[in-house]
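One letter stands for each residue in the lines below.
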Amino acid sequence: MKTITAGEITQTVKRLFLQANTQLPADLRERIEACTACERSAAGKSCFEDMKENFTIAAAEDLPICQDTGMAVVFAEVGQALCIEGNFEDAVNEGVRQAYQEGAFRCSVVADPILRGNTNDNTPAILHTRLVPGDALRLTAAPKGFGSENMSRIRMFTPAASEEDIVEFVAQCVREAGSNPCPPVVVGVGIGGDFEYCALLAKKALCRPVDVRNGAAYYAALEKKMLRRINALGVGPQGFGGDVTALAVNIEQFATHIAGLPVAVNMGCHVTRHASAVL
């Protein structure tokens, strides 16, 4: 049986958050560069040039791409044949703590949602753990800023809802968000499951590369339809108007109850950060 120590997990989580907060994923960089060329609005094109300069300097100087270094979200796929020596959750939180302190990242987590009180090390992380076949551990770090998170929505449709109803709901979320989530956005859409799983699907969708479409032909076509509808809104980069309001729409779907059709929209800004590693 393969064994991984808590120390190895801590070091990997630390590395992933240092990386995710300073280096934009390659697929997102490429999409921003491509959109710079196709954006016709002068203000929008200027915003894209600023974004490119920002992520280039951040990567070169190990500086945060965005001052909101987010709440630490971790997705863990744990092999059923894997043995972890030590406390897994503590190891993840220690990795987050070390990353945010070493990187001098802004610590934005409060200990209590109402009474507040900053924890001063950006812990605890939000940890989603799933058991999978094998003996490997796949970790994905996804720092999530709340300018975009606050613009996220969920709606419990009934099965009577049409495809058009769902497309319009997603577009409406982006329209109402306006400049708040720092567009151009990446739109994660969860369809199916129940109330909480639908939201998780939307979050997971933001970790998929923007150049990878849904594996099911129907949902891949729906992603493209939603993207066209959103970009027709004219919100544009940073809300100044233009052709590119969204860089991508990523949908994740799951089975649901016969009486329901949940749809969640998790908004990601143009700095939709994530990094993964396999141990």
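Described in the following lines is the structure provided in the data block. All of these numbers come straight from a predicted model, not from anything done at the bench.

Criteria and cut-off values
Residues numbered from 1 in each chain as written. Predicted model: local features only at pLDDT ≥ 70, side-chain atom pairs only at ≥ 80, totals over all residues. Heavy atoms only, no water. Pairing = 2+ DSSP bridges. Helix = DSSP H or I, 4+ residues; strand = E, 2+ residues; numbered from the N terminus. Axes fitted to C-alpha atoms, helices over the stretch in contact; angles between N-to-C directions. Contact = heavy atoms within 4.5 Å. Patch = residues over 30% accessible without salt bridge, like charges linked within 9 Å, V, L, I, M, F, W, Y side chains within 5 Å. Areas by Shrake-Rupley, 256 points an atom, 1.4 Å probe, with all protein chains shown as cover. Salt bridge = Lys/Arg side-chain N within 4 Å of Asp/Glu carboxyl O. Phe/Tyr/Trp six-rings, centres within 6.5 Å; stacked < 30°, edge-to-face > 60°. Buried < 20%, exposed > 50% of the residue type's maximum accessible area, 1.4 Å probe, protein only. 1 Å grid on protein atoms, 1.4 Å probe; cavity = no way out; pocket = protein on both sides within 12 Å on 5 of 7 lines; lining within 4 Å. Points joined across faces, edges and corners; volume = space filled by probe spheres on them. Nonpolar A, V, L, I, M, F, W, Y, C, P; charged D, E, K, R; others polar. Parallel < 35°, antiparallel > 145°, perpendicular 65-115°, else oblique. Left-handed = near helix turned anticlockwise from the far one by under 90°.

**Considering the sheet that holds strand S6 (residues 153-157)**
Within a sheet, neighbouring strands are paired by backbone hydrogen bonds and run either parallel or antiparallel to one another. Taken in spatial order, the four strands of this open sheet run S6-S9-S7-S8, and their pairing is mixed. Of all strands in the sheet, those bounded by a partner on one side alone are S6 and strand S8 (246-256). Ignoring strand direction, the axes of neighbouring strands in this sheet form an average angle of 15°. Pairing analysis gives eight bridges linking strand S7 (residues 185-193) to S8, with the strands arranged parallel. Each residue of the ladder has a partner; that of isoleucine 191, found in S8, is glutamine 253. Each of S6, S7, S8 and strand S9 (261-268) touches helix H7 (residues 195-205); the most contacted strand, S7, lies at about 145° to it. Its contacts with the sheet place helix H8 (residues 217-231) against S7 and S8, and it is angled at close to 140° to S8.

**Some details on a nonpolar patch on the surface**
Where nonpolar side chains cluster on the molecular surface, the patch consists of Ile154, Met156 and Phe195 and spans about 290 Å² of accessible area. Tracing the backbone through its elements, the reader meets isoleucine 154 in strand S6.

**Describing the packing of aromatic side chains**
On inspection of all chains with the given rule, the structure shows five aromatic pairs. A centroid spacing of 5.4 Å and a plane angle of 85° characterise the contact between tyrosine 100 and phenylalanine 105, whose relative ring orientation is edge-to-face. Overall, the relative accessible area of 6% leaves phenylalanine 105 in the buried class. Ring centres of tyrosine 197 and phenylalanine 254 lie 4.9 Å apart, and the angle between their planes is 65°; on these two criteria the pair is classed as edge-to-face.

**Description of empty space enclosed by the protein**
For the structure shown, the criterion picks out two cavities of 30 Å³ or more. Forming the walls of the largest cavity are 14 residues, and the residues nearest its centre are Pro143, Lys144, Leu206, Thr272 and Arg273. For the lining of the largest cavity, the leading source of residues is strand S5 (residues 137-144), giving three residues. For the lining of the largest cavity, the residue count by class is six nonpolar, five polar and three charged. Space inside the second largest cavity adds up to approximately 30 Å³. Tallied by class, residues from the lining of the second largest cavity come to five nonpolar, two polar and two charged.

**Observations concerning the packing of helix H6 (residues 163-177) against H8**
For the pair H6 and H8, interaxial distance at closest approach is 9 Å and the crossing angle is 45°. When the axes of H6 and H8 are compared, the pair comes out oblique. Judged by the sense of rotation from one axis to the other, the crossing of H6 with H8 is right-handed. Counted together, Glu163, Glu164, Ile166, Val167, Glu168, Val170, Ala171 and Val174 of H6 and Tyr218, Leu222, Lys225, Met226, Arg229 and Ile230 of H8 form the full contact between these two elements.

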